Each structure stands twice: as structure tokens, then as C-alpha cells.
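Structure at a glance
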Amino acid sequence: MKLPDYINPNCTHWKSSSPCIYQRSTDTTGCLECPKVSPISDQTPTDIGGRLDFRSIAKNIGSTAIIEAGGLGSVLRTTAVSKAINSINPEIDIALVTHRRGVNLAKYIPEIAYAIELDTSDFEENYFDYTINFEHDTRCVPILNRSRIIAGFAINSCGKFYPANQNSLYLQRIHIDDNFRKKNKLTMQQVLLQTAGIYDDHPSYSLKINTYSRATNTFFKTQTGYTIPDNFISINTGTSERGKVKRWPTNNIIKLSQKLSADGITSVLLCGPDEQNLKEELSGAISNNIHLISFTDDDLEHFLRIIKLSKLVVSGDTFGAHAAFALNTPTIILNGPAPYRELEVVGDRDIAIGPFLDCWPCFYRCPLTDKGMCMNMISVDMVYNSVIAHYTH
């Protein structure tokens, strides 16, 4: 079939990962009426594959690659796809192609047979019957060149990514058309499954880790001076520097933990590898009921286990929230910039709270002078009241 007119990977300005600079500045929806179209070549193919139905071809698939090298939350989201593939045909070897952190995460995803790090060039021995590419990164091209069938994003002769087939069009349009995305009624995991050609499977995360570990007990005591408490709340304190627009103010985290401490509730503040500056700000809040833990890239197992042991997790739209969803730990997710429907909030167990500004959702491209105002407007009392309601439920 032909590419729809609103998609033009033959344009110099085309970005498959987001609206191009002209689409953003003019609020143009797609490429059809864009006056800035600048063709690269008149030889670029405009055909894509038809609708893929993975169930109909699964018996002929021996190996599958899932390519995702975004944040760890995005990598974890793809477990909906690996879990569904495994349930359809458990004999398929599933590889996760990702970055170094993702390779470490793959150890805890039961359906993943092995992981490949994108930053290595040792792809020569890897050939795949079916590759689902969620990336727009040229490092994945060697894998695409060794794939019999591609879903998600393929790459054309001009070096531009584009939707490989009909079932990838929805994901592509979400990336490039903000107005379309605002009307989206699917969670991101539903979109990923549709892209993979799986239409009748209920999406869910897959992550497995044992509850007890002497190593994690030692890690916790080394970091805090205490043993792991009962019925504690984990507060995932921040985001990477790149994602700071979705960060709840540090002072609010301190005030929330202090209010909970006054009620006799223990809080464990979790700082990730990119949040060492937050650690210094939060260190003044430490008390008998407020503990602070700083994780490195090598501490993923301890992070996941502490999330699993928590009675409740409070987090922004970050990996900590996705891990809590995956480990069935009740979660309060603090959200300002993202459309709620894209979050995998599960029934009454989880809740998302945040304000609705005129600029919502901005998809983390904040247009305001006061960056992240929506997150700043989530008050301590709003979160505290939600925590108490969940904690005593």
C-alpha cells in the first residue's frame, strides 16, 4: 500500500520520532499541507507493507528482535509485546536490542532469551525472522538488514525512518501529529501491540524478581543504617536531567515525607544514577522515618526489589512508576505533561494525579517560561491525601 499523504519520509525536514520544526511552529498536522516540504530524492519508494497479523505467521517464526533504546520505562513497556509473543508461540527466541541499562533490565524479563547492546557492532551472528523496531536510531540498521520481516520503523534509501507496514501507521502518527495524539484512546502498550501485529491481547508488563535477598538487605543497611522496614512508602524522587520538566519539586518531596513521618509512616526516598544533585538537597530530610537511597547503574536489582517490597510507590512518569506497575505495587503517579490515557494506570490499585492546564498535554515539550509549572501545581496536600487513602485501604 502507499504511504498516507500526511507521512513524507522523502522530506529533508522529516523526523519520524517527533513533529518537525515546521510542524511545531505552525501546528500543522502531518506533511500533507506543509509549505516547507523539501524533497530529498524522486527515487524514494512510497510503498509500505500491508496489515500484519502475527498470530497467522507465528508458527513460521523462530526468532524475534524487539528494538527499544529509550528510557528504561519505555524499554519495560515493550514487555507487553514479548509477553504476548511468548504466549502465542513459546518456542520463539526473543531478543531485546537496547542500550547497556536495558541489557541489565533484560535479566529480569522472563520472556527475553538474550539481549544485544546497540553500542556494540557485533551483529554478524544475529539474523531474525521478525523484528519489531520502536527506534529511530541508525545503530539499529544492521539488525534491520538481517531481518526477514520488519514491523514498526524501517529505514529508506535516504536514511529516514518510516512506518514499515499498515499496522505501524498509528504509532508513526502519534509521533508526528500532536493533535492526533491528544485524541488517542489507547495506552502506549496497546499501541505497541498493534504495531507488532497483535490485536486481541490484553497488554500487561512482565518483570520478575524474588522478594528476599540478603544482598539487598545489606545494601539497604549500608545506605541508611537501618534494616528494611515494614509497610514503607517509596518516593521516586526525580528524573534524568533531560526529563526534568516532569519532576516534582524537591521541597515538596521533603514536606510530604515529613508529614508522613509525623503520622508514623516510613518513607524511602529513591535517587537514581542521574540525580546526585537531588541527593544533596534531600539529605537534610533524613530521620528515623525518612531514609535516602542513592542507586547507580549497577544497583538495578536492589531498586526493583525495594519497589516490590514497598506498600506504595509515589513517582512521576518515570521508570520507577513503570517498575511498580510491573511488580504489582500500588502506585500514585504524579503527572502534568502527559496524556493520562497513555499511562498504564491499573484500575483502583493505581492513581494518577495532576492539574489540567490549557497547554496540557505538551508531551514534555513545555511551551511555558516557567518550565514544568504543571508539576509545581501538584500540592503536597493533594499527594498526602492520596497516600493516606491508599495506605489505609
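These numbers were taken from a predicted model, which means no experiment stands behind them. (Residues numbered from 1 in each chain as written. Predicted model: local features only at pLDDT ≥ 70, side-chain atom pairs only at ≥ 80, totals over all residues. Heavy atoms only, no water.)

Helix and strand counts for the chain stand at 16 helices and 12 strands. Over its C-alpha atoms the chain spans a radius of gyration of 22 Å, differing by no more than 12% from the 21 Å that the globule rule assigns to 393 residues. Taken along its principal axes, the extent of the C-alpha atoms in the chain is 70 × 50 × 35 Å. Across the 393 residues of the chain, 55% fall into the buried class. (Helix = DSSP H or I, 4+ residues; strand = E, 2+ residues; numbered from the N terminus. Rg over C-alpha atoms; globule rule 2.2 N^0.38 Å. Buried < 20%, exposed > 50% of the residue type's maximum accessible area, 1.4 Å probe, protein only.)

In this section: unusual backbone geometry. Backbone geometry places Asn231, a non-glycine residue, at a positive phi of 55°. Judged by its relative accessible area of 45%, Asn231 is partly exposed. You will see that Asn328, though not glycine, has its phi angle at about 60°, which is positive. Here Asn328 lies in the loop between α14 (319-326) and β11 (331-334). Looking at Asn328, the relative accessible area reads 54%, which means it is exposed.

Turning to the pairing of β11, a few remarks are in order. With burial as the criterion, each face of β11 is covered, one bearing Thr331 and Ile333 and the other bearing Ile332 and Leu334. Summarising the sheet, strand β10 (residues 312-316) and β11 pair through four bridges and their orientation is parallel. Note on β11: the bridge partner recorded for Val314 is Ile332. In terms of handedness, the path from β10 via α14 over to β11 forms a crossover that is right-handed. Where β11 meets strand β12 (residues 351-353), three bridges bridge the pair, whose relative direction is parallel. (Pairing = 2+ DSSP bridges. Right-handed = clockwise from strand over helix to strand, strands pointing away.)

Right, let's talk about the side chain of Ser267 for a bit. Considering the arrangement of structural elements, one finds Ser267 in strand β8 (residues 267-271). The exposure class of Ser267 is buried, given its relative accessible area of 0%. When near neighbours in sequence (up to four residues on either side) are disregarded, Ser267 contacts Ile233, Ile235, Ser257, Leu260, Asn289, Ile290 and His291. (Contact = heavy atoms within 4.5 Å.)

All right, on to the packing of helix α10 (residues 214-224) against helix α13 (residues 300-309) then. Relative orientation of the contacting elements α10 and α13 amounts to 90°, with a least axis distance of 10 Å. Judged by the angle between their axes, α10 and α13 are roughly perpendicular. Each of Ala215, Thr216, Phe219 and Phe220 in α10 lies in contact with α13, whose residues at this interface are His302, Arg305 and Ile306. Of the residues belonging to the contact of α10 with α13, the class tally is four nonpolar, two polar and one charged. (Axes fitted to C-alpha atoms, helices over the stretch in contact; angles between N-to-C directions. Parallel < 35°, antiparallel > 145°, perpendicular 65-115°, else oblique. Nonpolar A, V, L, I, M, F, W, Y, C, P; charged D, E, K, R; others polar.)

As a further point, take the packing of aromatic side chains. Tallied over the full model, the rule gives six aromatic pairs. When the ring of Tyr205 is compared with that of Phe325, the centres are 6.3 Å apart and the planes differ by 45°; the resulting orientation is tilted. With Tyr205 in the loop between α9 (188-195) and α10 and Phe325 in helix α14, the pair connects residues that are 120 residues apart, well separated along the chain. Each of the two residues, Tyr205 as well as Phe325, counts as buried. Every member of this aromatic cluster is reached through a ring pair, and the members are Phe219, Phe295, Phe303 and Phe319. (Phe/Tyr/Trp six-rings, centres within 6.5 Å; stacked < 30°, edge-to-face > 60°.)

The next subject is the sheet that holds strand β2 (residues 93-98). Across the sheet, which stays open at both edges, the six strands sit in the order β3-β2-β1-β4-β5-β6 with mixed pairing between neighbours. What marks the edges here is a single partner per strand, and that holds for β3 (114-117) and β6 (161-163). For this sheet the average axis-to-axis angle between neighbouring strands, irrespective of direction, equals 30°. Of the strand pairs in this sheet, strand β1 (residues 63-67) and strand β4 (residues 128-133) are connected by four bridges, and their pairing is parallel. Within β4, the position partnered with Ala65 by the bridge is Thr131.

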